[in-house]
Amino acid sequence: MTDLRAHAARAVDHSRESLVQRGRDARDRLVASDPGLGRLRHGLRAVVAVGTTVVLQSIVATAAGIGGQALRLHVMIGAVVALNLATTLREPRRRVVLGTAAWSGVGAAIGAAAAVLAAPWRPVVFVVFVAVTFATVWMRRFGPRWFTAGFVMWQAHFFGLFLHPPIGALPGMIAASFLSTAWVAVLLTTVLAADPEATLRRTVTALRAQARATISACLDVIDRPASPAVRRRLRAEQVRTSEVALLFDGQLADARALPEGVSPVALRQWIVDLEIGVDETAGAVVDLADRLVGAHPPPAQEVVPAVRAALVELGWSRYAEARIALARLRQQPHWTVRPVRRFVIGADLLLTTVAAWTSGAVLTQARVGDEPTDSDRGHSPDTISGTISGTGTGTNTGAEGPTRGERAAYEPVVELQGGALPGSQALAGEATALDAQQRWSAARVRFTTRQAIQAATAAAIALVVGDLVSPQRAYWAAIAAFVTFTGASTTTETARKAIDRTIGTLIGLLASLALAQVSSGRPVVSGLVMAAGIFLAFYVQALSTTWMICFITVVIGQLYELLRTFSEDVLLLRLAETAVGAAAGILVTYAVLPLRARDTLVVARRTLLTALADLLVDAGGLVGDGRPPAPADRARLYREVVAMDEAARQLAAGHDSLIRPRIFDADHAARRHRVAVLGVCASSARALVQALVTPDRADVGVPDPEAPAAGEPPSPAPPAIPPAVADVCRVLAAEARRLAEVPDLKDQRPARADIPGVSVQVTDLLEGAGGIPILVARRAQRLADALALLTPRRR
């Protein structure tokens, strides 16, 4: 009986611990999904801008003696202008906000006037609508300010057609537009203004949460080593970690995001080291899982529980316990397993790097212009309130600005767009040059001109076909076609967006029908549902077009309910017109100046491999000089690492955007494998460069990887990097450049078996040279093995 009670108690404890862990994982995924709380602020800006504008327009119109239909017109056009201005203008600088708002008011006035003045002549309406669509997309070439002004102009034009106002209402519409832009400008420069420094701190919080999510995925791989699904999830978590790190790097370009006197160069090096720690930990877990499923001789029985225990302590942010767990792994028989040694190195780097932020050592050293040393990174548990989820603020009020040496100039790599990572537009522009020799090539026109032609053509087709469906609602088809080309660069991106918009409209229609049973005759309920819908639509905008359009459709349904024009027929008509616009967008993107997504993948692959080669050449040159890297050299190398990471992100994003019908895409699995291998190449090169520029970590106390230590290994003096490593870097760089010039990796002829590949060449160089630190040798060999996988070889 006692045994049964004890067993039941253990089961209850295990169940409780599992629930707590799942809750923590869910919270981490939520926090990590919105670095810097950018999406939350985006949703709140939309709700606050629309809600306050509706109130302001009502007060002003009532004071001016305007009522009835005219009042409704003022409120609606003002709310539309406010919504689009608040959600497209995401520049934090006040001067830019005020200037963009002013130009947006002019654009809204032009768009509304063109719609009202052309309304009496239907053919003229179609021509003007297509011209406005072309101009709106074409002016994006001039930068974000013109993108916002053009988008507001187009929306004002659309609603000017949709609402059918009389010509006499035009002055009031223009006044309402300027009032809305002025009011939104006030909001964006006061209560809705973003604090760059607070955003940077929140991004660090999200990065910690993302690191914990990666550790959780590592535990799943340990528990289910043969499952491809959990391995894909781990890889996805690593990609998201890289994305948050790149976002952090882009935020460093804004001097207002940094405390006074802090060097962004040191923070860039810190974030790259943290990313390396996460990647090395995850890579070691995958290596260990391979041994568990029979790819290599299995480790001793007690190894896996010990590694799992270390992961648990690391994930729960128990600093002292994690250090103890890593110390146990340095004992026999654990230390005889190569993946365990790699795991200890990566986990130690992760703990040390996070502790440097938690203790404030990173900001302290960034102020004095040096990198943190191991003694400054906060190894003492007494000075750290936590590790990955530490609660330290990382501030140092007593430190002054840089006092010795000149800090290397910070050169941003990633130019954020509206506070988010950039899309594929730059790659798409480069990809058009691939077929420039063709007579009717998209390369003969600029990217924005190409998209303007496509958008205008799609809008014209949508108007004509939509007019056949419903002359009164044809503009819903036009807006569906226009939005399809916003934020999409290639054929597959555009097609996916069109399909997602149609599916979202269908889901939103069903939700609207259900909500109408609740909100009918209750204007307060309708208003609350509309506010919630607006917030959710722009909160998920960056994540899912489908759900954004779903919530927008719900908002429109409630608007019809308030206007007392709600009916199932109206919603079904909206679905039909949306499908027409989506079909027009898909047709045009494949038929008019098309840009294939596979062309952008080729450009992304070439950019990644070229960046990798440049990085290795520079690193090898520093090693060949036989001198320790200077701070400026280190800063330059870390900048090249970030550039390579951005190229890897663009490659992964381009691959994910593909539409993959398995019946017609025989290369789908092989292409996914090549993209994964290229990602491994990038992470391996990053880790290799870190080992080269920080020789104090090149051996991390491992005298011989094949001779395990009986106790915790001693920490030797920092080893010198022999010049022979420069030859290794040159061989790796040459192979990367060769692969970059290959038109298509899948079409390579198998290399001859009697000609040594890059993996064998690097192995011979490493074995023939003496004194190469073991960590450098292991990471160089790992990179060579990954590059070798990209070239088939005859047996």
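From a predicted model like this one, the values you see are computed outputs, not experimental measurements. (Residues numbered from 1 in each chain as written. Predicted model: local features only at pLDDT ≥ 70, side-chain atom pairs only at ≥ 80, totals over all residues. Heavy atoms only, no water.)

**Student:** Hey, could you run me through the nonpolar core in this one?
**Tutor:** Grouped together as the largest cluster of nonpolar side chains are 130 residues, with contacts concentrated most on Phe343 and Leu732. Apart from the residues within four sequence positions on either side, Phe343 is in contact with Thr281, Ala284, Val285, Val307, Ala310, Leu311, Leu326 and Leu329. Of all hydrophobic cores here, the second largest spans 62 residues; its members include Leu73, Val137, Ile479 and Leu509. (Core = buried A, V, L, I, M, F, W, Y, C linked by side-chain atoms within 4.5 Å. Buried < 20%, exposed > 50% of the residue type's maximum accessible area, 1.4 Å probe, protein only. Contact = heavy atoms within 4.5 Å.)

**Student:** How should the environment of Glu646 be read in this particular structure?
**Tutor:** Note that Glu646 resides in helix α23 (residues 631-656). Taking the C-alpha atoms as reference, Glu646 lies 9.6 Å from Thr607; in sequence the two are 39 residues apart. (Helix = DSSP H or I, 4+ residues; strand = E, 2+ residues; numbered from the N terminus.)

**Student:** Could you clarify how one ought to interpret a nonpolar patch on the surface in this entry?
**Tutor:** A cluster of nonpolar side chains, namely Trp103, Val106, Ile110, Trp138, Phe142, Trp146 and Phe178, defines an oily patch on the protein surface of about 660 Å² accessible area. Along the chain, Phe142 turns up in the loop between α5 (122-138) and α6 (144-162). For Phe142, a relative accessible area of 47% gives the class partly exposed. (Patch = residues over 30% accessible without salt bridge, like charges linked within 9 Å, V, L, I, M, F, W, Y side chains within 5 Å. Areas by Shrake-Rupley, 256 points an atom, 1.4 Å probe, with all protein chains shown as cover. Salt bridge = Lys/Arg side-chain N within 4 Å of Asp/Glu carboxyl O.)

**Student:** I tried to follow the environment of Trp357 on my own but got confused; where do I start?
**Tutor:** Checked against the element boundaries, Trp357 lands in helix α13 (residues 338-358). On the accessibility criterion, Trp357 (8% relative accessible area) is buried. Counting along the chain gives 153 residues from Trp357 to Val204, while the straight-line C-alpha distance between them is 9.3 Å.

**Student:** Explanation requested: the side chain of Ser104 in the structure shown.
**Tutor:** Tracing the sequence through the fold places Ser104 in helix α4 (residues 94-118). Setting aside residues no more than four positions away along its own chain, Ser104 makes contact with Leu85, Thr148, Ala149, Val152 and Thr181.

**Student:** Explain the pattern of salt bridges to me, please; I cannot follow it from the model alone.
**Tutor:** Where charged atoms from two side chains of opposite charge approach closely, those side chains can pair. Summed over the entire model, instances satisfying the criterion amount to 27 salt bridges. With its nearest N and O atoms 2.7 Å apart, the salt bridge here joins Arg93 to Glu91. A salt bridge links Arg596 to Asp599, with the nearest nitrogen and oxygen atoms 3.0 Å apart. Given the relative accessible area of 14%, Asp599 is considered buried. Taken together, the shared-partner salt bridges connect Glu280, Asp287, Arg342, Arg779 and Arg782 into one network.

**Student:** Mind showing me how you'd approach unusual backbone geometry here?
**Tutor:** Here the bond from Gln332 into Pro333 is cis, since omega is 0°, no more than 30 degrees from zero. Checked against the element boundaries, Pro333 lands in the loop between α12 (319-329) and α13. Within the chain, Leu37 stands out as a residue other than glycine whose phi angle is a positive 55°. In this structure, Leu37 sits in the loop between α1 (2-32) and α2 (38-63). In this structure, Leu593 is a non-glycine residue whose phi angle is positive, near 45°. By secondary structure assignment, the location of Leu593 is in the loop between α21 (568-591) and α22 (597-625).

**Student:** Help me understand the packing of helix α24 (residues 668-693) against helix α27 (residues 774-788), please; the structure alone is not making it clear to me.
**Tutor:** When two helices pack together, their arrangement is given by the angle between the helix axes and by the axis-to-axis distance. With their axes 9 Å apart at the nearest point, α24 and α27 run at an angle of 160° to one another. Here α24 lies roughly antiparallel to α27, going by the angle between them. Of the two elements, α24 crosses α27, and the hand of that crossing is left-handed. Counted together, Val677, Val680, Cys681, Ser684, Ala685, Ala687, Leu688, Gln690, Ala691 and Leu692 of α24 and Leu775, Val776, Arg779, Ala780, Arg782, Leu783, Ala786 and Leu787 of α27 form the full contact between these two elements. Taken together, the residues that form the contact of α24 with α27 break down as 14 nonpolar, two polar and two charged. (Axes fitted to C-alpha atoms, helices over the stretch in contact; angles between N-to-C directions. Parallel < 35°, antiparallel > 145°, perpendicular 65-115°, else oblique. Left-handed = near helix turned anticlockwise from the far one by under 90°. Nonpolar A, V, L, I, M, F, W, Y, C, P; charged D, E, K, R; others polar.)

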